[in-house]
Amino acid sequence: SMPFALQALDSATLARQLAHKLGGELLYLSSPLLADSAEAAEILRSQRDIRLTLEAARQADVALLGIGNLEPDTAGFVKAGSITAAELAALTAAGAVGDMAGQIFSLSGSLHPSSYNQRVIGITLAELKQIPTVIAAAAGPEKATAILGALRTGVINVLCTDDRAASEVLALSTPTATD
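Per chain, residues are indexed from 1 in the order of the written sequence. Given that the model is predicted, a residue must reach a pLDDT of at least 70 before its local features are reported, and side-chain atom pairs must reach 80 or more before they are shown or counted; all residues, however, enter totals for whole chains, interfaces and linings. Think of the side-chain values as coming from all heavy atoms in the structure, minus any hydrogens and water.

**Student:** Residues and numbers for the sheet that holds strand β5 (residues 158–160), please.
**Tutor:** A pair of strands is treated as paired once DSSP finds two or more bridges between them. What counts as a helix is a DSSP run of H or I of at least four residues, what counts as a strand is a run of E of at least two, and both are numbered from the N terminus. Ordered by their spatial adjacency, three strands build an open sheet running β1-β4-β5, and the pairing between neighbours is parallel. The outermost strands of the open sheet, each flanked by one partner alone, are β1 (62–66) and β5. Going from strand to strand, the sheet's axes swing by 20° on average, the running direction of each strand aside. Axis definition: a line fit to C-alpha positions, over the contact stretch in the case of helices; interaxial angles, taken between N-to-C directions, run 0 to 180 degrees.

Here it is in structure tokens:
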């Protein structure tokens, strides 16, 4: 598992340290992850500071993402209070396996048909596909299904993972004789 020090860092702290180390400029997306409705999300995305930050993100040469596996104990959505554990359970029962940049996807790699994706304040999987290098990081066998779905989105160029997750992803993606 990841060293505790890394887990303890929130994304803002991580971004600050990366910007400092790489000599980059830091832009914060001052917005909730999920708006209350698709309409509210449109309004938020049109706000000057949010719009400019999202435009800058779309122009990136490299994107660094985590892959979430929609586990109620660890999901950013639940921690942020955007989705209840019950809503998350309903999503996974309906075929959702993970999220990247707040966008929820299925095992096939397609965007999950949930209203949540329209409510996210961030860049979409389609927009991420336009970024030349997309690096995703996820570790542990419990992330395997989410990693496989994430790889199938076609967004990721570079995957940082561990051997246990990689073995499990390969096992999941290899058809058996009974398929």
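**Student:** Explain the nonpolar core to me, and be specific about the residues and the numbers.
**Tutor:** By size, the foremost hydrophobic cluster in this structure holds 27 residues, and its most contacted members are I67, M100 and L128. Within the residue set of this core, elements represented by two or more residues are α4 (48–58), β1, β2 (96–100), α8 (125–129), β4 (133–137), α9 (144–152) and α10 (163–173). In terms of residues, this core owes the most to one element, α9, which gives five residues. The contact criterion used throughout is that any non-hydrogen atoms of two residues lie within 4.5 Å. Not counting the four nearest positions on each side in its chain, I67 is found in contact with D99, M100, F105, A136, A137, A138, K143, A146, I147, A150, I156 and L159. Membership of the second largest hydrophobic core comes to 11 residues, among which are L34, F77, I104 and V120. Among buried residues, the Ala, Val, Leu, Ile, Met, Phe, Trp, Tyr and Cys ones that are joined through side-chain atoms within 4.5 Å form a nonpolar core. Each residue gets one of three labels from its accessible area relative to the maximum for its type: buried under 20%, exposed over 50%, partly exposed in between, using a 1.4 Å probe on protein chains only.

**Student:** Account for the side chain of S114, naming residues and giving values.
**Tutor:** Mapped onto the secondary structure, S114 falls in the loop between β3 (103–106) and α7 (116–119). Residues within four places of S114 in sequence aside, it is in contact with L91 and I104.

**Student:** Let's hear about the environment of G95: which residues, and what values?
**Tutor:** Inspection of the secondary structure puts G95 in the loop between α6 (85–93) and β2. Classification of G95 by relative accessible area gives partly exposed; the value is 32%. For the pair G95 and L151, spaced 56 residues apart in sequence, the C-alpha separation works out to 16 Å.

**Student:** Tell me about the environment of N157, residues and numbers included.
**Tutor:** Within the secondary structure layout, N157 lies in the loop between α9 and β5. Classification of N157 by relative accessible area gives partly exposed; the value is 49%. Each C-alpha atom, one on N157 and one on L33, is 24 Å from the other, the two residues being 124 residues apart in sequence. Among residues more than four places away in sequence, those in contact with N157 are I131, P132, T133 and V134. We define a polar contact as two N or O atoms separated by no more than 3.5 Å, with the added condition that, inside protein, one atom must be a possible hydrogen donor and the other a possible acceptor, whereas residues neighbouring each other in sequence contribute only through side-chain atom pairs. Within polar-contact distance, the side chain of N157 engages the backbone nitrogen of V134 at 2.6 Å.

**Student:** Lay out a nonpolar patch on the surface with the relevant residues and their values.
**Tutor:** Patches here are clusters of residues that have more than 30% relative accessible area and form no salt bridge, with a 9 Å joining cutoff for like charges and a 5 Å cutoff for nonpolar side chains (Val, Leu, Ile, Met, Phe, Trp, Tyr). Note on areas: Shrake-Rupley with a 1.4 Å probe; residue coverage comes only from the protein chains shown. Here, a salt bridge means any side-chain nitrogen of Lys or Arg that lies within 4 Å of a carboxyl oxygen of Asp or Glu. Together, L18, L22 and L64 make up an exposed nonpolar region whose accessible area comes to about 320 Å². Structurally, L18 can be placed in helix α2 (residues 11–22).

**Student:** Describe the side chain of R119, with residues and values.
**Tutor:** With respect to the helices, strands and loops of the structure, R119 is situated in helix α7. Within this scheme the basic residues Lys and Arg register as positive and the acidic residues Asp and Glu register as negative, but His and the chain ends are omitted. Buried and unpaired, R119 has D36 as its nearest opposite-charge partner, separated by 5.2 Å. Filtering out sequence-adjacent residues up to four positions away, R119 remains in contact with L33, L34, A35, D36, S37, A38, A41 and S82.

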